[in-house]
Amino acid sequence: AASPAPSGQTGSSPGTSAAAKPRNADYSFFAGKTIRIIVPFAPGGGQDVTARLFASRWPEHFPNKPNFVVDNMPGAGGAIGMRELIEKRPADGLTLVVPGSGVALRWLLREQGHNYPMDKMQAIGALPAGTVTVARRDTGENLEKLIGRSQPLRSGHNAPGALSPVGDALIFRMLGVPLDFVYGFEGYGEVAIAVERGEIQESNPGMLSYIQTWKPMEETKIIYPLFQLGQLTEKGEVVRSPILPDM
């Protein structure tokens, strides 16, 4: 999650300075207020699940118990939600955003429409979680049967340039599994619907999205997980995510 810095400052706001300097913060500012968490994607994806998780828990622990509301603002690979935060919302600590790694990568690569000042925004925290790559069972019951396919798998994502399709392209090319990328979904919740309908055959949602939105399709034998992208330890070792330690 991140929040814009007030005018004339770099990396601080009433909301974020409260987290950075708890001894000097005036939490009375938040009494009776509503804090909005912008999700720049449609419901059902990893950023959406993360935002709603925090929105449901923060009121129990935040001083003066402000209300938390999640606003989904999908479009343009996350740029619409980011611009809503930067250009239309005041830098008063009452608006946060959960951008996701894809938004950060598009900003880093200076893709069109992603020239918002992300480096001037105050980072509040992050939830370490990778992705789960899944495929429909009618494409083949295991990875070995996918290798060497003559027909590419239809791989669904929201927009080019995110870590998910980039990771998919690299890993599946290494494995020898052809992919045909289909973009235009406003979030991985929409991709899940397309997978259930048979319109998309493969994707890699975030782990929280997989648990909440995609897991029921695994239980009903529509999809199966191929692998997860793990995490790096301080020693540089790749380990399974604690979110899905048995996968």
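Details of the structure are given in the entry above.
Now for a description of the structure that goes with this document. (Residues numbered from 1 in each chain as written. Predicted model: local features only at pLDDT ≥ 70, side-chain atom pairs only at ≥ 80, totals over all residues. Heavy atoms only, no water.)

## Some thoughts on the layout of surface pockets
Just so we agree on the cut-off: As defined here, a cavity is a set of points on a 1 Å grid over the protein atoms alone where a 1.4 Å probe fits but cannot get out. A pocket is an open set with protein on both sides within 12 Å along at least five of seven lines, and residues line them when an atom is within 4 Å of a point. Grid points are joined across faces, edges and corners, and a volume is the space filled by probe spheres set on the points. Helix and strand assignments come from DSSP, with helices taken as H or I runs of at least 4 residues and strands as E runs of at least 2, each series counted from the N terminus.
By volume, the largest pocket amounts to about 1000 Å³. Forming the walls of the largest pocket are 44 residues, and the residues nearest its centre are Gln47, Gly100, Ser101, Leu127 and Ala129. For the lining of the largest pocket, the secondary-structure elements that each account for two or more residues are α2 (46-61), α4 (100-108), α6 (163-175) and α8 (207-219).

## Brief notes about the side chain of Gln231
Definition in use: In the analysis that follows, any N or O atom pair within 3.5 Å is treated as a polar contact, provided that within protein one partner can donate a hydrogen and the other can accept it, and provided that, for residues neighboring in sequence, both atoms belong to side chains.
In this structure, Gln231 sits in strand β11 (residues 231-232). Of the polar contacts made by the side chain of Gln231, one reaches the side chain of Ser241; its length is 3.3 Å.

## What to know about the packing of α2 against α8
Cut-off, in case you're wondering: Only the stretch in contact is used when a helix axis is fitted, and all axes are lines through C-alpha atoms; the angle between N-to-C directions ranges over 0 to 180 degrees. For classification, angles of less than 35 degrees are called roughly parallel, those exceeding 145 degrees roughly antiparallel, those between 65 and 115 degrees roughly perpendicular, and all remaining angles oblique. Here a residue-residue contact requires only that any non-hydrogen atoms of the pair lie within 4.5 Å. Under the convention adopted here, Pro, Cys and the residues Ala, Val, Leu, Ile, Met, Phe, Trp and Tyr are nonpolar, Asp, Glu, Lys and Arg are charged, and Gly plus all remaining residues are polar.
The N-to-C vectors of α2 and α8 enclose an angle of 90 degrees; their axes lie 7 Å apart at closest approach. Comparing the axis directions of α2 and α8 gives the class roughly perpendicular. Contacts between α2 and α8 involve Gly46, Val49 and Thr50 from the first element and Leu208, Ser209 and Gln212 from the second. Of the residues assigned to the contact of α2 with α8, the class counts are two nonpolar, four polar and no charged.

## A few points about the packing of aromatic side chains
Rule in force here: Here a Phe, Tyr or Trp ring, Trp counted by its six-membered ring, pairs with any other such ring whose centre lies within 6.5 Å, and the pair is stacked when the planes are under 30 degrees apart, edge-to-face when over 60, and tilted otherwise.
Per the counting criterion, the structure on display carries seven aromatic pairs. Seen from their ring centres, Phe62 and Phe68 are 5.8 Å apart, and the 75 degrees between their planes marks the pair as edge-to-face.

## Brief notes about α6
Under the convention used in this document: To estimate how far a helix should reach, multiply one less than its number of residues by 1.5 Å. For every residue, the accessible area obtained with a 1.4 Å probe (protein chains only) is divided by the maximum for its type, and the residue is called buried under 20%, exposed over 50%, and partly exposed between those limits. To be clear, the arc concerns the directions from the helix axis to the C-beta atoms.
Between its terminal C-alpha atoms α6 stretches 18 Å, which fits the 18 Å expected from 13 residues at 1.5 Å a residue. Within the sequence span of α6, burial applies to Ser164, Pro165, Gly167, Asp168 and Phe172. The buried residues of α6 occupy an angular sector of 155 degrees when the element is viewed end-on, so they sit on one face. In α6, the exposed residues that point more than 90 degrees away from the buried face are Leu170, Arg173 and Met174.

## Overview of the pairing of strand β2 (residues 34-39)
To be explicit about the condition: Two strands qualify as a pair provided that DSSP identifies no fewer than 2 bridges between them. Handedness of a crossover is defined as follows: with both strands directed away from the viewer, a clockwise route from the first strand across the helix to the second makes it right-handed.
As judged from the six bridges shared by β2 and strand β3 (residues 67-72), these two strands associate in the parallel manner. Bridge pairing links Ile35 to Phe68 in β3. This β-α-β element, β2 to α2 to β3, shows right-handed connectivity. Two elements, β2 and strand β4 (residues 95-97), share three bridges in a ladder whose sense is parallel. Paired with Ile38 across the two strands is Val97, which belongs to β4.

## Examining the nonpolar core
Here is the rule we go by: Grouping buried Ala, Val, Leu, Ile, Met, Phe, Trp, Tyr and Cys residues that are joined through side-chain atoms within 4.5 Å yields what is termed a nonpolar core.
One finds Ile37, Met82 and Tyr116 to be the most contacted residues of the largest nonpolar core, which totals 23 residues. Looking at this core, the elements that each hand over two or more residues are β2, α2, β3, α3 (79-88), β4 and α4. Per element, the largest residue contribution to this core is four residues, and it comes from β2. Dropping the residues within four chain positions of it, Ile37 is found in contact with Ala51, Ala55, Trp58, Phe68, Val69, Val70, Asp71, Leu96 and Val98. In terms of nonpolar packing, the next biggest core, distinct from the first, is built from 15 residues, Phe185, Tyr188, Met207 and Ile223 among them.

## Regarding the environment of Gly45
As for its position among the elements, Gly45 is in the loop between β2 and α2. The class of Gly45 is buried, set by a relative accessible area of 5%. Discounting chain neighbours no more than four positions away, the residues touching Gly45 are Tyr188, Gly189 and Ser209.

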